[in-house]
Amino acid sequence: FHVGYYCDEFALVNPKPCPTGRYSTSLKAKSSGVCQECPSGKTSLPGSRECSCPLGYFASSDDVCSPCAIGSYRAILDPTQGCNDCLKGKYSDVSGTAICFDCAIGKYADMTGAVECLTCPDGKSSFEEGSTECENCPDGYFGLNGMCEICPAGRYNANEGMAFCRICDAGSISSEGSLSCTSC
């Protein structure tokens, strides 16, 4: 028998866990009556010996459950576990959360504990979710508001990391994504 479990007349071989929201500190318990309800504001996993604050909350010094601050989270029901800062590339803009969210493409978070993601500067983008930095837009593209877009026909860009595409001179043409213009 284990703490957090009990054996009734139907479970002599395989002990049953106390259900979610209940706990037991008794060893060799013989009925579900030993499973006590968690105090208000706390919860437990099946088979627990103690209760914990719900995900996204932590126990303060007076054992009251308080929400994790914005920029942090708590994802496991462990009474000894506090809140953790969101990792780089992630953010949390609400308190009391169990997860942090990936920064969207075109945005980044280069520090832990972010409450929002920053937009990449012009000429740059982050090319995947959860980025910690921005990269230059490639040749033939330009970047505004964190997004790289292909230079349209009649314009060109021979340099990476540019915020605009140059217009072809009169008598010259270019196709979409060109690095230069050619004479007509």
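About the thresholds
- Residues numbered from 1 in each chain as written.
- Predicted model: local features only at pLDDT ≥ 70, side-chain atom pairs only at ≥ 80, totals over all residues.
- Heavy atoms only, no water.
- Helix = DSSP H or I, 4+ residues; strand = E, 2+ residues; numbered from the N terminus.
- Rg over C-alpha atoms; globule rule 2.2 N^0.38 Å.
- Buried < 20%, exposed > 50% of the residue type's maximum accessible area, 1.4 Å probe, protein only.
- Polar contact = N/O pair within 3.5 Å; in protein donor to acceptor, adjacent residues only side chain to side chain.
- Contact = heavy atoms within 4.5 Å.
- Salt bridge = Lys/Arg side-chain N within 4 Å of Asp/Glu carboxyl O.

### Quick look at the overall build of the protein
- Counting its secondary structure elements, the protein contains 0 helices and 20 strands.
- Expected size for 184 residues packed as a compact globule is a radius of gyration near 16 Å; at 28 Å, the protein overshoots this value by more than 25%.
- For the protein, the spread of C-alpha atoms along the three principal axes comes to 95 × 40 × 15 Å.
- Counting across all 184 residues of the protein, residues that qualify as buried make up 29%.

### Describing unusual backbone geometry
- Of note, the phi angle at Asn145 is positive, near 55°, even though the residue is not glycine.
- Within the element layout of this structure, Asn145 appears in the loop between strand E15 (141–144) and strand E16 (147–150).
- What makes Asn145 exposed here is its relative accessible area of 62%.

### Considerations on the side chain of Ser174
- Summarising the element assignment, Ser174 is placed in the loop between strand E19 (172–173) and strand E20 (182–183).
- One polar contact links the side chain of Ser174 to the main-chain amide nitrogen of Gly154, over a distance of 3.0 Å.
- In terms of polar contacts, Ser174 uses its side chain to reach the backbone carbonyl oxygen of Arg155, at 2.8 Å.
- Setting aside its immediate chain neighbours within four residues, Ser174 contacts Pro152, Ala153, Gly154, Arg155, Tyr156, Cys168, Ser180 and Cys181.

### Topic: the pattern of salt bridges
- For the structure shown, the criterion picks out 2 salt bridges.
- In this structure, the salt-bridge partner of Arg22 is Glu37, at a minimum N-O distance of 4.0 Å. Here Arg22, found in strand E3 (residues 22–23), pairs with Glu37, found in strand E4 (residues 36–37); they are 15 residues apart in sequence, far enough to count as distant.

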